[in-house]
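Each chain, written out:
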Amino acid sequence: NFVDTNFWTNTIVPEISSCIPLPDGNGVCYNSVLVQNQFDPGQTLNNISDLIAIHFSLTHSYIGDLTMRIYCPNGQNVLMYNQGGSMNYLTLEAEVCSCPPSVAVSEYGFSPTATQTIVAYVSGSTGIVLPPANYASVNPLTGLIGCPLNGNWNFEVCDNWGSDCGINNGWWIEFNNSLLIISP
């Protein structure tokens, strides 16, 4: 005789990586791996609308140094950012090069629905701090269609020039909640 009129909803709780220093590099790549395991075995990304965004919390004192790439568990990958942006900054103008960060770190994202890349946003500017927002990937995120949802996802940041540093304060993948299948 018990009736519960409350509705139960479920959301995908994202896995968030830990902080990784990005010391000054010259072609050096830094990798951060997340293990996703909350999906049904064998489940894949079949529709780009099921990927809301790849979020990241990053500082760097010269974004023109960087490339950013996402690798899914089967090795498919997408180059999301390819240098450019010149003398502009992620989070703030000062260098924050060690973990944990001494300042609040801005959150950014690459989203399949965003229309402007980071380079397009800062085009013609020098010395600005990129505002927190979702940006378009330089290569389409549709390159992730067919990726297994479970497994090791890798966010790679490469520092291609000397004299600047930063941190990857964490990253996560936001998927559409409808991907989480609840078995009775």
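Note that the structure is a prediction, hence the values are computed from the model and not measured. (Residues numbered from 1 in each chain as written. Predicted model: local features only at pLDDT ≥ 70, side-chain atom pairs only at ≥ 80, totals over all residues. Heavy atoms only, no water.)

A look at the overall build of the chain
Across its full length, the chain holds one helix and eleven strands. Overall, the chain shows an N-to-C arrangement of helices and strands of β-β-β-β-β-β-β-α-β-β-β-β. Looking at the 184 residues of the chain, the share that counts as buried comes to 42%. Counting contacts in the chain only where the partners sit at least 6 residues apart, residues at least 24 apart contribute 79% of the total. Total accessible area on the chain stands at roughly 9100 Å², and carbon and sulfur atoms take up 52% of it. (Helix = DSSP H or I, 4+ residues; strand = E, 2+ residues; numbered from the N terminus. Buried < 20%, exposed > 50% of the residue type's maximum accessible area, 1.4 Å probe, protein only. Contact = heavy atoms within 4.5 Å. Areas by Shrake-Rupley, 256 points an atom, 1.4 Å probe, with all protein chains shown as cover.)

Quick notes on the pairing of strand β3 (residues 51–60)
Residues in a regular strand project their side chains so that they alternate between the two faces of the sheet. Among the ten residues that make up β3, nine are buried, leaving the element largely enclosed by the rest of the structure. Relative to strand β11 (residues 166–175), β3 runs antiparallel, the two being bridged by nine bridges. Bridged to Phe 56 within β11 is Trp 171. Pairing of β3 with strand β7 (residues 107–110), which is carried by four bridges, proceeds in the antiparallel orientation. Opposite Ser 57, over in β7, you have Glu 107 as the bridge partner. (Pairing = 2+ DSSP bridges.)

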